[in-house]
Amino acid sequence: ALALQAGVDAIKFYGGADVGMRTMLDALVPAVAVLVAGPARDDESVQKLLLRAAEAAASGRDLTAHMGSLAGRANYVAAERMQGVPDPGAAAVAGVFQQLADSFPLC
């Protein structure tokens, strides 16, 4: 989890973006925050922790559908064309976390 947090920090530093700018960070930051915080209870399984991270990523992704773009590739697209459509990077991050959660029992 701390390695993921370091990755998030590097993306923010080198990319100049942050949460609320309609980028992959809108899904990645809340998901990583769940992982860094760790289990909600001592008996919470890794799968449930991953499911909570996936839910956080999905919530962040959904919020991007109602944001204007302040960074990233979406910055070059007219705002009216993006309204109601989640950021593709945020959607990809949410998909990765969902796949991790869904696949964990198979590992």
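Residues numbered from 1 in each chain as written. Predicted model: local features only at pLDDT ≥ 70, side-chain atom pairs only at ≥ 80, totals over all residues. Heavy atoms only, no water.

### What about the overall build of the protein chain?
Secondary structure summary: the protein chain contains 5 helices and 0 strands in total. Walking the protein chain from its N terminus toward its C terminus, one meets helices and strands in the order α-α-α-α-α. For the protein chain, the proportion of its 107 residues judged to be buried stands at 33%. Once local pairs closer than 6 in sequence are excluded, the contacts in the protein chain between residues at least 24 apart make up 63%. For the protein chain, the computed accessible surface area is about 6,400 Å², with 62% contributed by carbon and sulfur atoms. (Helix = DSSP H or I, 4+ residues; strand = E, 2+ residues; numbered from the N terminus. Buried < 20%, exposed > 50% of the residue type's maximum accessible area, 1.4 Å probe, protein only. Contact = heavy atoms within 4.5 Å. Areas by Shrake-Rupley, 256 points an atom, 1.4 Å probe, with all protein chains shown as cover.)

### Focus on the confidence of the model for the protein chain
One rule of thumb: low pLDDT means the predicted coordinates there are not for detailed reading. Per-residue pLDDT for the protein chain has a mean of 89; in total, 88% of the residues score no lower than 70. At the level of individual helices and strands, the protein chain shows its lowest average pLDDT in helix α4 (residues 79-82), which scores 70, and its highest in helix α2 (residues 25-37), which scores 97. (pLDDT = per-residue confidence, 0-100.)

### Some words on the packing of helix α1 (residues 2-15) against α2
For any two helices packed against each other, the geometry comes down to the angle between their axes and how far apart the axes lie. At a minimum axis distance of 9 Å, the contact between α1 and α2 shows a crossing angle of 150°. Comparing their axes, α2 and α1 come out roughly antiparallel. Read as a crossing pair, α1 and α2 show a hand that is left-handed. Residues L2, L4, Q5, V8, I11 and K12 of α1 lie in contact with α2, whose contacting residues are L25, L28, V29, V32, L35 and V36. (Axes fitted to C-alpha atoms, helices over the stretch in contact; angles between N-to-C directions. Parallel < 35°, antiparallel > 145°, perpendicular 65-115°, else oblique. Left-handed = near helix turned anticlockwise from the far one by under 90°.)

### Observations concerning α1
A rise of 1.5 Å per residue sets the reference length of α1, with its 14 residues, at 20 Å; its end C-alpha atoms lie 19 Å apart and thus fit the reference within 8%. Where α1 ends, the next residue or the one after it, G16, has phi of about 75°, a positive value. (Expected span 1.5 Å × (residues − 1).)

### Structural notes on the pattern of salt bridges
This structure, assessed with the given rule, holds 4 salt bridges. Taking the shortest distance from any N to any O, the salt bridge between R41 and D43 comes out at 2.9 Å. (Salt bridge = Lys/Arg side-chain N within 4 Å of Asp/Glu carboxyl O.)

### Description of helix α5 (residues 88-103)
Between its first and last C-alpha, α5 extends 22 Å over 16 residues, near the 22 Å set by a 1.5 Å rise per residue. Residues of α5 that are buried include every one of A90, V93, A94, F97 and A101, and no others. Buried residues of α5, seen end-on, are gathered within an arc of 95° and therefore sit on one face of the element. Elements in contact with the buried residues of α5: α2 and α3 (46-63). A side-chain oxygen of the first residue of α5 lies 3.0 Å from the backbone nitrogen of G89; this N-cap is D87. (Arc of directions from axis to C-beta. Polar contact = N/O pair within 3.5 Å; in protein donor to acceptor, adjacent residues only side chain to side chain.)

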